[in-house]
Amino acid sequence: MQTESENLVTKISSNVFYKEFTFHKNDFITPDGQKELADNVMWIDDLLFIIQVKERNIRDVKTELEENKWFDNTVLKKAKNQVKDSLNFFSLYTEIKVKNVRNHTVDISKADTTRINKLIIYKSNSSLIAAENRSLKFCRSSVIGNIHLFDVEDYLGI
């Protein structure tokens, strides 16, 4: 089941890039079992977007310290690792069949991975996130390079 933020990202992506090029049901079967690609993928011609979405449950919002810990652990670490895992799938598997928004199954393993745009979109549901965290626009992975960071409201504005 998708979160509110995942649904919003899917709507934006499918309106900008069309439903045929937006993938949001991203479980796929491999010889070693079921895997999950990033929350949202857009693929059109030689453009590939890998998007991981994180949303803080509003009932879990407590203190500034806990909210910034959530941001560090969930947005900067967990989401970054999920993006890295998704990119790794393109080199591990010769077939990655997922469904686009029109519910058509497409093998996206054929996408050109030389121009991948990596994004993490988050919704904190809290004003307790430190300004320095809110102002981050990218994080760096030593393995996959820069990953763009967007608050869901900023992404909506784009």
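So, here is what we can say about the structure in this document. (Residues numbered from 1 in each chain as written. Predicted model: local features only at pLDDT ≥ 70, side-chain atom pairs only at ≥ 80, totals over all residues. Heavy atoms only, no water.)

Observations concerning the overall build of the protein
Turning to step 1, where the next piece is worked out: Counting its regular elements, the protein contains 4 helices and 10 strands.
Turning to step 2, where the next piece is worked out: From first element to last, N terminus to C terminus, the protein shows the α and β order α-β-β-β-β-β-α-β-β-β-α-β-β-α.
Turning to step 3, where the next piece is worked out: Relative to the globule expectation of 15 Å for 158 residues, the C-alpha radius of gyration of the protein, 16 Å, shows essentially globular dimensions.
Turning to step 4, where the next piece is worked out: C-alpha atoms of the protein, sized along the principal axes, occupy 45 × 30 × 25 Å.
Turning to step 5, where the next piece is worked out: Out of the 158 residues belonging to the protein, those deemed buried represent 45%.
Turning to step 6, where the next piece is worked out: Partitioning the intrachain contacts of the protein with sequence separation of at least 6 by distance along the chain shows that 64% fall at a separation of at least 24.
Turning to step 7, where the next piece is worked out: A gap of 1 Å separates the mean positions of the 23 positive and 23 negative side-chain charges of the protein. (Helix = DSSP H or I, 4+ residues; strand = E, 2+ residues; numbered from the N terminus. Rg over C-alpha atoms; globule rule 2.2 N^0.38 Å. Buried < 20%, exposed > 50% of the residue type's maximum accessible area, 1.4 Å probe, protein only. Contact = heavy atoms within 4.5 Å. Lys, Arg positive; Asp, Glu negative; His and termini not counted. Charge placed at Lys NZ, Arg CZ, Asp CG, Glu CD.)

Points about helix α1 (residues 4-17)
Turning to step 1, where the next piece is worked out: Between its first and last C-alpha atoms α1 spans 20 Å; for 14 residues at 1.5 Å apiece the expected length is 20 Å, and the two agree.
Turning to step 2, where the next piece is worked out: Among all positions in α1, only Ser5, Glu6, Val9, Thr10, Ile12, Ser13, Ser14 and Phe17 are buried.
Turning to step 3, where the next piece is worked out: Contacts made by the buried residues of α1 are with β1 (22-25), β4 (40-44), β5 (47-55), β8 (116-123) and α4 (152-157).
Turning to step 4, where the next piece is worked out: Tyr18 sits one or two residues past α1 and shows a positive phi near 75°. (Expected span 1.5 Å × (residues − 1).)

Quick word on the nonpolar core
Turning to step 1, where the next piece is worked out: Grouped together as the largest cluster of nonpolar side chains are 30 residues, with contacts concentrated most on Ile50, Ile96 and Ile108.
Turning to step 2, where the next piece is worked out: Per element, the largest residue contribution to this core is 9 residues, and it comes from helix α2 (residues 64-92).
Turning to step 3, where the next piece is worked out: Listed in part, the 11 residues of the second largest apolar core include Ile12, Phe17, Phe49 and Ile51. (Core = buried A, V, L, I, M, F, W, Y, C linked by side-chain atoms within 4.5 Å.)

Observations concerning the pairing of strand β10 (residues 145-151)
Turning to step 1, where the next piece is worked out: Sheet topology note: the β8/β10 ladder contains 4 bridges and is parallel. Within β10, the position partnered with Ile121 by the bridge is Phe150.
Turning to step 2, where the next piece is worked out: Bridge count between strand β9 (residues 138-141) and β10: 4 bridges; the pairing is antiparallel. Within β10, the residue paired with Cys139 across the bridge is Ile147. (Pairing = 2+ DSSP bridges.)

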